[in-house]
Amino acid sequence: MRLELSVRGILRNFGLKLGRVSKGRWEERVRELTADNAMLSDAVAPILRLRAQMRNELAMMTKKVRSLALSDATCRLLMTMPGVGPVTALTFVTAVDDPARFRRTRDIGAWAGLTPRRSQTGERDVSGEITRTGDVALRTALFQAATVMLHRGRRMRWLKSWALRVAGRRGLKRATTALARRMGVVLLRMWRDGTEFRFAREAAASPVPA
């Protein structure tokens, strides 16, 4: 992304605007804009080569990560939840390690630093920003998974529906954080119970180990 922003900056200096373009056509569009200017073409060529190499490396790494996740039964189970891909599943399994370490499934929210800070003074009890303690990678992965669930896919699921109601009351950012926290709880329950994600609220409310 930084390389792409660098190219956009170079083009802007020449009065050229790349605009919105798909990743597949990005390099082609840059070459179209620089075709009539040899100096500009020479300036961006090394960046384009480096970008292409990094994209190839990323594609190979993504393939390896996906293969690793699909070879693990727990990861495959967790990936039945919408928004949870190979990276999130692997991060969750690696960070938690043993689901029995938590006495209550909701404890994972505090462990991942996704619970609000509490400021209590006399009669005041104020909830602030999240604590941001614990495993940074896990917190980031859950937040990204929550973002994906909220913004992608047309099918309305009970978790997404719940988060949208929270967003209506408290804003999208807090709703995303709340959804990330709740997704962590549900993922832990799925792992303990050995069951796939339940798309219906009634099914999800059935008894599971706490």
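Residues numbered from 1 in each chain as written. Predicted model: local features only at pLDDT ≥ 70, side-chain atom pairs only at ≥ 80, totals over all residues. Heavy atoms only, no water.

K.L.:
What exactly am I supposed to notice about the nonpolar core here?
P.N.:
One broad rule of soluble globular proteins: the nonpolar side chains tend to lie buried together. Counting residues in hydrophobic clusters, the biggest one holds 35 residues, and the most contacted among them are Met81, Phe92, Leu159 and Met183. When contributions to this core are tallied by element, the ones reaching two or more residues are helix 4 (73-78), helix 5 (86-96), helix 7 (136-151), helix 8 (158-170) and helix 9 (172-193). Here this core takes nine residues from helix 9, the largest share from any one element. In this structure, Leu159 is in contact with Met81, Met149, Leu179, Arg182, Met183, Val186 and Phe197, ignoring residues within four places of it in sequence. Trp26, Leu40, Ile47 and Leu48 belong to the second largest nonpolar core, which has 11 residues in total. (Core = buried A, V, L, I, M, F, W, Y, C linked by side-chain atoms within 4.5 Å. Buried < 20%, exposed > 50% of the residue type's maximum accessible area, 1.4 Å probe, protein only. Helix = DSSP H or I, 4+ residues; strand = E, 2+ residues; numbered from the N terminus. Contact = heavy atoms within 4.5 Å.)

K.L.:
Please explain the side chain of Glu4 as it appears in this structure.
P.N.:
Inspection of the secondary structure puts Glu4 in helix 1 (residues 2-13). Judged by its relative accessible area of 12%, Glu4 is buried. A polar atom in the side chain of Glu4 sits 2.8 Å from the side chain of Lys23. Sequence-distant contacts of Glu4, defined by excluding residues within four places in its chain, comprise Lys23, Trp26 and Arg51. (Polar contact = N/O pair within 3.5 Å; in protein donor to acceptor, adjacent residues only side chain to side chain.)

K.L.:
Is there a simple way to explain the environment of Leu16 in this structure?
P.N.:
Along the chain, the position of Leu16 falls in the loop between helix 1 and helix 2 (26-34). The exposure class of Leu16 is partly exposed, given its relative accessible area of 26%. Between the C-alpha atom of Leu16 and that of Thr34, which follows or precedes it by 18 residues, the distance is 8.9 Å. Apart from the residues lying within four places of it in its own chain, the contact partners of Leu16 are Leu11, Leu33 and Leu40.

K.L.:
Quick question: what am I supposed to make of the environment of Lys63 here?
P.N.:
Position of Lys63 among the secondary structure elements: in helix 3 (residues 38-70). Under the relative-accessibility criterion, Lys63 is labelled exposed at 66%. Separated by 23 residues in sequence, Lys63 and Pro86 place their C-alpha atoms 9.9 Å apart.

K.L.:
Got a minute to help me understand helix 8 in this structure?
P.N.:
Counting along an α-helix, one turn takes 3.6 residues, and residues three or four places apart therefore face a common direction. Along its 13 residues, helix 8 runs 18 Å from first to last C-alpha, staying within 8% of the 18 Å computed at 1.5 Å per residue. Among the residues of helix 8, those classed as buried are Trp158, Leu159, Lys160, Ala163, Val166 and Ala167. Remark: Gly171 follows helix 8 within two positions and exhibits a positive phi of approximately 100 degrees. (Expected span 1.5 Å × (residues − 1).)

K.L.:
How should I be thinking about the packing of helix 8 against helix 9 in this particular structure?
P.N.:
Pairs of packed helices are described in terms of their axes, by the angle between the two and the distance that separates them. At a closest axis distance of 8 Å, the pairing of helix 8 and helix 9 adopts a crossing angle of 150 degrees. Considered as vectors, helix 8 and helix 9 are oriented roughly antiparallel to each other. Considering the relative orientation of helix 8 and helix 9, their crossing is right-handed. Two secondary-structure elements touch here, helix 8 through Trp158, Leu159, Trp162, Ala163, Val166, Ala167 and Arg170 and helix 9 through Leu172, Arg174, Ala175, Ala178, Leu179, Arg182, Met183 and Val186. Its residues placed into classes, the contact of helix 8 with helix 9 shows 12 nonpolar, no polar and three charged. (Axes fitted to C-alpha atoms, helices over the stretch in contact; angles between N-to-C directions. Parallel < 35°, antiparallel > 145°, perpendicular 65-115°, else oblique. Left-handed = near helix turned anticlockwise from the far one by under 90°. Nonpolar A, V, L, I, M, F, W, Y, C, P; charged D, E, K, R; others polar.)

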